[in-house]
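Residues per chain, in single letters:
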Amino acid sequence: MAKKPTWVVEKERARRAAAAETLWLFGIHAVGDALRNPRRARLRLVLTKNAADRLADAVAQSGMTPEISDARKFSAPLDPGAVHQGAALEVRPLDWGPLDALVADAPQPARIVALDRVTDPHNAGAILRSAEVFGAAAVIAPRHHAAPETGALAKTASGALERQPYLRVRNLADSLEELRGMGFAVIGLDGGGEVTVGEALAAHRDLPVALVLGAEGPGLRPRTRDTCDALARIPAAGPFGSLNVSNAAAVALYAARAE
């Protein structure tokens, strides 16, 4: 029997690891939205009596039988600092499918948010929430050195994680090139950009747009910058004004909304 190529073995290993991966969501809103989401694979539900009463409809819709836990000795394996509100749910990560299919199914012209090494789950969660509000087709980020799907991210996203596609891609610059091949204008957010976001968007009117944001401090990596069609800044009223990455994403998404 022929030996499988190394790349095939690695791909199969990665697929098995992904299938075995689970995470704990916590908080009334995050757990409730996951219970109502038919796409979400759910494994274990731990609730206090009070949380079970508050989530009764969602629990019934999910078909799950919760474990009722004492609020003082909450039995779910969460970080001691997690504000769980008496609700925790073990799930598998969502599978949103390939990027091209999401783009094809989105209202046109599509909007994509690309995150270059944005590792803070609170920032990523807030960006997912803004992406849902402004109708982005997807938020994409590299598989490594980016915020993974976690309970903290889900809680910050306030339910958006269940509805807003969040794709982890092998290589961000390659995915941006893929988007360019689909007709997207790729606009990187950079404080030193020669044009404003509004000017960059006006120059690519009626095209689908990918907005690329880097980590606070380091910003966009060199190859990511080189992939962009334009580097644009969000204009400030004074010389010292700046926004964190989640606020910058919200402003850029509002400017880029399709009307």
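Look up a bit, the structure's there.
What counts as what
- Residues numbered from 1 in each chain as written.
- Predicted model: local features only at pLDDT ≥ 70, side-chain atom pairs only at ≥ 80, totals over all residues.
- Heavy atoms only, no water.
- Pairing = 2+ DSSP bridges.
- Helix = DSSP H or I, 4+ residues; strand = E, 2+ residues; numbered from the N terminus.
- Contact = heavy atoms within 4.5 Å.
- Axes fitted to C-alpha atoms, helices over the stretch in contact; angles between N-to-C directions.
- Buried < 20%, exposed > 50% of the residue type's maximum accessible area, 1.4 Å probe, protein only.
- Expected span 1.5 Å × (residues − 1).
- Polar contact = N/O pair within 3.5 Å; in protein donor to acceptor, adjacent residues only side chain to side chain.
- Phe/Tyr/Trp six-rings, centres within 6.5 Å; stacked < 30°, edge-to-face > 60°.
- Lys NZ or Arg CZ within 6 Å of the ring centre and 35° of its normal.
- 1 Å grid on protein atoms, 1.4 Å probe; cavity = no way out; pocket = protein on both sides within 12 Å on 5 of 7 lines; lining within 4 Å.
- Points joined across faces, edges and corners; volume = space filled by probe spheres on them.
- Nonpolar A, V, L, I, M, F, W, Y, C, P; charged D, E, K, R; others polar.
- Right-handed = clockwise from strand over helix to strand, strands pointing away.
- Parallel < 35°, antiparallel > 145°, perpendicular 65-115°, else oblique.
- Left-handed = near helix turned anticlockwise from the far one by under 90°.

## Focus: the sheet that holds strand S2 (residues 42–47)
Consideration 1: Reading across the sheet, the four strands line up as S1-S4-S2-S3 and stay open at both edges, with mixed pairing between neighbours. Where the open sheet ends on each side, the last strands, each with one partner, are strand S1 (23–26) and strand S3 (67–68).
Consideration 2: Sheet analysis places S2 next to strand S4 (residues 87–91), joined by five bridges and oriented antiparallel. Bridge pairing links arginine 42 to valine 91 in S4.
Consideration 3: Running over the sheet, helix H2 (residues 28–36) touches S1, S2 and S4 and is turned about 45 degrees from S4.

## Here's the deal with H2
One turn of the α-helix equals 3.6 residues, which is why residues spaced by three or four share an orientation.
Consideration 1: The element H2 is extensively covered by neighbouring structure, given that seven of its nine residues are classed as buried.
Consideration 2: For H2, every residue scored as buried is listed here: Ile28, Ala30, Val31, Gly32, Asp33, Ala34 and Leu35.
Consideration 3: At its buried positions, H2 is contacted by S1, S2, helix H3 (49–54), helix H4 (56–62), S4 and helix H7 (151–157).

## Things to note about helix H6 (residues 121–133)
Consideration 1: The end-to-end C-alpha distance of H6, which contains 13 residues, comes to 18 Å, matching closely the 18 Å that a straight helix rising 1.5 Å per residue would cover.
Consideration 2: Within H6 the residues assigned to the buried category are Asn123, Ala124, Gly125, Ile127, Leu128, Ser130 and Ala131.
Consideration 3: Summarising the contacts, the buried residues of H6 are in contact with strand S5 (111–116), strand S6 (138–142), H7, strand S7 (166–169) and helix H11 (245–256).
Consideration 4: By the N-cap criterion, in which a side-chain oxygen at the helix start approaches the backbone nitrogen of a residue two or three places on, H6 is capped by aspartate 120, the distance to histidine 122 being 2.8 Å.

## A closer look at the packing of aromatic side chains
For any two aromatic rings, the description comes down to two numbers: the centre-to-centre distance and the angle of the planes.
Consideration 1: The tally for this structure, following the rule as stated, stands at one aromatic pair.
Consideration 2: Where phenylalanine 134 meets tyrosine 254, the ring centres are 5.9 Å apart and the plane angle is 70 degrees; that geometry is what we call edge-to-face. Taken together, the residues span a long stretch of sequence, with phenylalanine 134 in the loop between H6 and S6 and tyrosine 254 in helix H11 at a distance of 120 residues.
Consideration 3: Residue placement shows arginine 257 over the ring face of tyrosine 254; its charged tip is 3.7 Å from the ring centre.

## Some thoughts on the layout of surface pockets
Consideration 1: For the second largest pocket, the calculated volume is near 550 Å³.
Consideration 2: Contributions of two or more residues to the lining of the second largest pocket are made by strand S10 (209–214), strand S11 (230–233) and H11.
Consideration 3: Its residues assigned to classes, the lining of the second largest pocket shows 12 nonpolar, seven polar and four charged.

## Overview of unusual backbone geometry
Consideration 1: Of the consecutive residues glutamine 108 and proline 109, the connecting peptide bond is found in the cis state with omega at -5 degrees.
Consideration 2: In this structure, proline 109 sits in the loop between helix H5 (99–105) and S5.
Consideration 3: Within the chain, serine 158 stands out as a residue other than glycine whose phi angle is a positive 55 degrees.
Consideration 4: By the secondary structure assignment, serine 158 is in the loop between H7 and S7.
Consideration 5: Positive phi, close to 75 degrees, is recorded for aspartate 206, a residue that is not glycine.
Consideration 6: By the secondary structure assignment, aspartate 206 is in the loop between helix H9 (197–203) and S10.

## Section: the side chain of threonine 227
Consideration 1: Mapped onto the elements of the fold, threonine 227 is located in helix H10 (residues 222–227).
Consideration 2: Each residue touching threonine 227, except ones within four places of it in the same chain, is listed here: Ala173, Leu176, Glu177, Arg180 and Val186.

## A short note on the pairing of S7
Consideration 1: Across four bridges, S6 lies against S7 in parallel orientation. The partner of proline 142 across the bridge, within S7, is valine 169.
Consideration 2: Of the crossover connections in this fold, the one passing from S6 over H7 to the parallel S7 is right-handed.

## Points about the packing of H6 against H11
Consideration 1: Their axes nearest at 8 Å, the elements H6 and H11 cross at an angle of 15 degrees. Between H6 and H11, the crossing angle belongs to the class labelled roughly parallel. Crossing hand, H6 versus H11: right-handed. Across the interface between the two elements, Asn123, Ala126, Ile127, Ser130 and Ala131 of H6 pack against Val245, Ser246, Ala249, Ala250 and Leu253 of H11.

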